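Coordinates in review
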Amino acid sequence: VQLQASGGGLVQAGGSLRLSCAASGSTFIFTTMSWYRQAPGKQRELVALMTSGRGADYGDSVTGRSTIFRDIAKNTVYLQMNSLKPDDTAAYYCNANEVRGFQEYDYWGQGTHVTVSS
C-alpha cells in the first residue's frame, strides 16, 4: 500500500491550500484517514482525522480554518486549509488506518511541505 500526498507549497499568510492523499494498492477502503504535521524541532501533531460513520475531528491549532473530506471511491483524503498562518509551516503527512479483527493496517505517506510566509 502506498499513500501519495501532494498539494504542498509556498503560500502567503491568509492564503489557502488543498492537500490530497491517495491510497493505492489496498484491497479495502480505510476506515480512518488523517493528516498530521511536524514542524522543525517539534513533535508530530494531529491536524485532522476522518473516520467513516463518525465524522471528523480537528486539532486545536486548525479548528475553524481547515476541513478534511474524503472521496471514498478513490480512497483519497483531502485537507482544505484556509487563513493560513506562518505557524502552519510544516511537513504534512497523511495516515490511513484500518483494523480488521486482530490485524491493524497502518500506513504513512511521504509528506508534503507547506511553507507559509508572513
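It should be noted that the structure appears before, not after, this text.
All of the points below concern the structure found in this document. (Residues numbered from 1 in each chain as written. Predicted model: local features only at pLDDT ≥ 70, side-chain atom pairs only at ≥ 80, totals over all residues. Heavy atoms only, no water.)

Here we come to the state of the cysteines. Counted according to the given criterion, the structure contains one disulfide. The side chain of C21 participates in a disulfide bridge whose partner is C94; the two sulfur atoms lie 2.0 Å from each other. Handedness here is read from the sign of the S-S torsion; for C21 and C94, about 55°, the answer is right-handed. Taken together, the positions of C21 in strand β3 (residues 17-24) and C94 in strand β9 (residues 90-100) put the pair 73 residues apart, joining distant regions of the chain. Side by side, C21 and C94 carry an identical accessibility label, which is buried. (Disulfide = S-S within 2.5 Å. Helix = DSSP H or I, 4+ residues; strand = E, 2+ residues; numbered from the N terminus. Buried < 20%, exposed > 50% of the residue type's maximum accessible area, 1.4 Å probe, protein only.)

Bridging between β9 and strand β10 (residues 103-108) involves six bridges; their strand directions are antiparallel. The residue bridging N95 from the neighbouring strand is W108, located in β10. Between β9 and β10, which pair antiparallel in sequence order, lie two residues; one of them, G101, sits at a positive phi of approximately 65°. (Pairing = 2+ DSSP bridges.)

In this section: the pattern of salt bridges. Applying the stated criterion across every chain, the model contains four salt bridges. In this structure, the salt-bridge partner of R37 is E45, at a minimum N-O distance of 2.6 Å. On the basis of relative accessible area, R37 is assigned to the buried category, the value being 6%. Its relative accessible area of 33% is what places E45 among the partly exposed residues. Taking the shortest distance from any N to any O, the salt bridge between D88 and R65 comes out at 2.8 Å. Of this pair, D88 sits in the loop between β8 (76-81) and β9 while R65 sits in the loop between β6 (55-58) and β7 (66-71); the two residues are 23 residues apart in sequence, bridging distant segments of the chain. Taking the relative accessible area as the measure of exposure, D88 reaches 2% and is therefore buried. R65 sits in the buried class, given a relative accessible area of 13%. A single network of salt bridges, built from pairs that share partners, joins R37, E45, R65 and D88. (Salt bridge = Lys/Arg side-chain N within 4 Å of Asp/Glu carboxyl O.)

Considering all chains together, one arrives at five aromatic pairs under this definition. Here the aromatic rings of F28 and F30 are separated by 5.3 Å at their centres, their planes lie at 75°, and the arrangement is edge-to-face. Take F28 and F30: they sit in the same class, and that class is buried. One residue, R44, lies across the ring of Y93, its end atom 4.0 Å from the ring centre. Taking NZ or CZ as reference, R44 lies 4.7 Å from the ring centre of W108, over its face. (Phe/Tyr/Trp six-rings, centres within 6.5 Å; stacked < 30°, edge-to-face > 60°. Lys NZ or Arg CZ within 6 Å of the ring centre and 35° of its normal.)

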